[in-house]
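So you can see what is in the structure, the chains are spelled out below.
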Amino acid sequence: MSDFTIRTRKFKQNPLLGRKQFVLDIIHPGMANVSKKDLATKLASMYKVHDSQCIQLFGFKTAFGGGRSTGFGLIYESLDKMKKFEP
């Protein structure tokens, strides 16, 4: 796990679907990109999620020149709610 910074924006609680949703901005200088597994473990510690399987990350785009990426993330309240709404 290398050195990278995560910032969340457009953070929104969605109680009907039982999740939190947000846009991720990742700063990773000197790296091509960051694995979703590393991002999920860091998000789990940031938002005190008991199970990192409840975190869904997708839609990542790396900025031209590297060093920055943006993507979308969902943190579900439980695995049951995640399995109900995720394909």
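In the block above lies the structure referred to throughout.
Quantities reported herein were computed from a predicted structural model and do not represent experimental measurements.

Here is what the cut-offs are and how they apply
Residues numbered from 1 in each chain as written. Predicted model: local features only at pLDDT ≥ 70, side-chain atom pairs only at ≥ 80, totals over all residues. Heavy atoms only, no water. Helix = DSSP H or I, 4+ residues; strand = E, 2+ residues; numbered from the N terminus. Buried < 20%, exposed > 50% of the residue type's maximum accessible area, 1.4 Å probe, protein only. Contact = heavy atoms within 4.5 Å. Polar contact = N/O pair within 3.5 Å; in protein donor to acceptor, adjacent residues only side chain to side chain. Pairing = 2+ DSSP bridges. Phe/Tyr/Trp six-rings, centres within 6.5 Å; stacked < 30°, edge-to-face > 60°.

(A) Highlighting the environment of Val49. Along the polypeptide, Val49 turns up in the loop between α1 (36–46) and β3 (55–62). Judged by relative accessible area, which is 16%, Val49 ranks as buried. Here the alpha-carbon distance between Val49 and Phe11, two residues 38 residues apart in the chain, equals 16 Å. Here Val49 is in contact with Ala44, Cys54, Ile55 and Ile75, once residues within four sequence places are set aside.

(B) Structural view of the side chain of Gln21. Along the chain, Gln21 turns up in strand β2 (residues 19–27). One polar contact links Gln21 to Arg19, side chain to side chain, over a distance of 2.9 Å. Residues contacting Gln21, with those up to four places away along its chain left out, are Lys10, Phe11, Lys12, Asn14, Phe72, Gly73 and Leu74.

(C) Summary view of the pairing of strand β4 (residues 68–76). Sheet topology note: the β2/β4 ladder contains 9 bridges and is antiparallel. Directly across from Lys20, in β4, lies its bridge partner Ile75. With 6 bridges connecting them, β3 and β4 associate as antiparallel partners. Following the sheet pairing, Phe58 is matched in β4 by Phe72. What sits between the antiparallel neighbours β3 and β4 is a turn of 5 residues, in which Gly65 has the positive phi angle 95 degrees.

(D) Seen up close, the packing of aromatic side chains. In the structure shown here, the tally under the stated rule is 4 aromatic pairs. Taking the centre distance of 6.1 Å and the plane angle of 25 degrees together, the rings of Phe22 and Tyr47 count as stacked. Here the residue Phe22 occupies a position in strand β2, and Tyr47 occupies one in the loop between α1 and β3, the gap between them amounting to 25 residues. The exposure class assigned to Phe22 is buried, which follows from its relative accessible area of 0%. Judged by centre distance (5.4 Å) and plane angle (55 degrees), the ring pair of Phe58 and Phe72 falls under tilted. In this pair, Phe58 is assigned in strand β3 and Phe72 in strand β4, connecting sequence segments 14 residues apart. Among the aromatic residues, those joined into a cluster by ring pairs are Phe11, Phe22 and Tyr47.

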